[in-house]
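Here are the chains, one letter per residue:
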Amino acid sequence: AMSRGDLDRVDELLGALAGREFPPIATRAARIDGMIALGRASQVAEEAETLLLVPYLEPFVLRALGLARSDQALLEHAQERFTALGLQWHAAQTSFVSARASSGFR
């Protein structure tokens, strides 16, 4: 839904996850990206401390906070963490969104 730009559907999917106590890690990562796509950076920030306890989620949280705060250093750190975890596609996406954010596009 995010790649299609269908933010209504992203919102629906996030709503469906709201009641799940322990969603799979990959689902939690997608949830972080969905919250940022919907402009819910404050929600990511509120949950960041808990989310950062899961090493796999760390780069997703860093990227989300970097985008929300327009913080290039956080975005670069996120990219490094994605690479360290072997998540090359996510590292490349971070590079792409970081470049877009630097040029004023979201």
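Scroll up for the structure.
As the structure is a computational prediction, the values presented were derived from the model and not from experiment.

A.B. asks: Any chance you could explain the packing of aromatic side chains here in plain terms?
C.D. replies: Two numbers describe a pair of aromatic rings. These are the distance of the centres and the angle of the planes. Counted by the stated rule, this structure contains 2 aromatic pairs. Each ring, one from Y56 and one from F60, has its centre 5.5 Å from the other, and the planes form 40°; the classification is tilted. Accessibility expressed as a relative area gives 2% for F60, which makes it buried. Ring centres of F60 and F82 lie 4.9 Å apart, and the angle between their planes is 90°; this geometry places the pair in the edge-to-face category.

A.B. asks: Would you explain the environment of I32 in this entry?
C.D. replies: In this fold, I32 is placed in helix α2 (residues 25–37). Beyond its immediate stretch of four places on either side in the chain, I32 contacts V44, L51, L57, F60, V61 and A64.

A.B. asks: Would you mind showing me how to read the nonpolar core here?
C.D. replies: Soluble globular proteins: nonpolar side chains tend toward being buried together. The biggest cluster of nonpolar side chains holds 23 residues, and the ones touching the most others in it are I32, V44, F60, V61, L65 and F82. Of all the elements in the fold, those that place two or more residues in this core are α1 (7–17), α2, α3 (41–51), α4 (58–69) and α5 (72–84). The greatest single-element share of this core, amounting to 6 residues, is contributed by α4.

Each value, and the rule that gives it
Residues numbered from 1 in each chain as written. Predicted model: local features only at pLDDT ≥ 70, side-chain atom pairs only at ≥ 80, totals over all residues. Heavy atoms only, no water. Phe/Tyr/Trp six-rings, centres within 6.5 Å; stacked < 30°, edge-to-face > 60°. Buried < 20%, exposed > 50% of the residue type's maximum accessible area, 1.4 Å probe, protein only. Helix = DSSP H or I, 4+ residues; strand = E, 2+ residues; numbered from the N terminus. Contact = heavy atoms within 4.5 Å. Core = buried A, V, L, I, M, F, W, Y, C linked by side-chain atoms within 4.5 Å.

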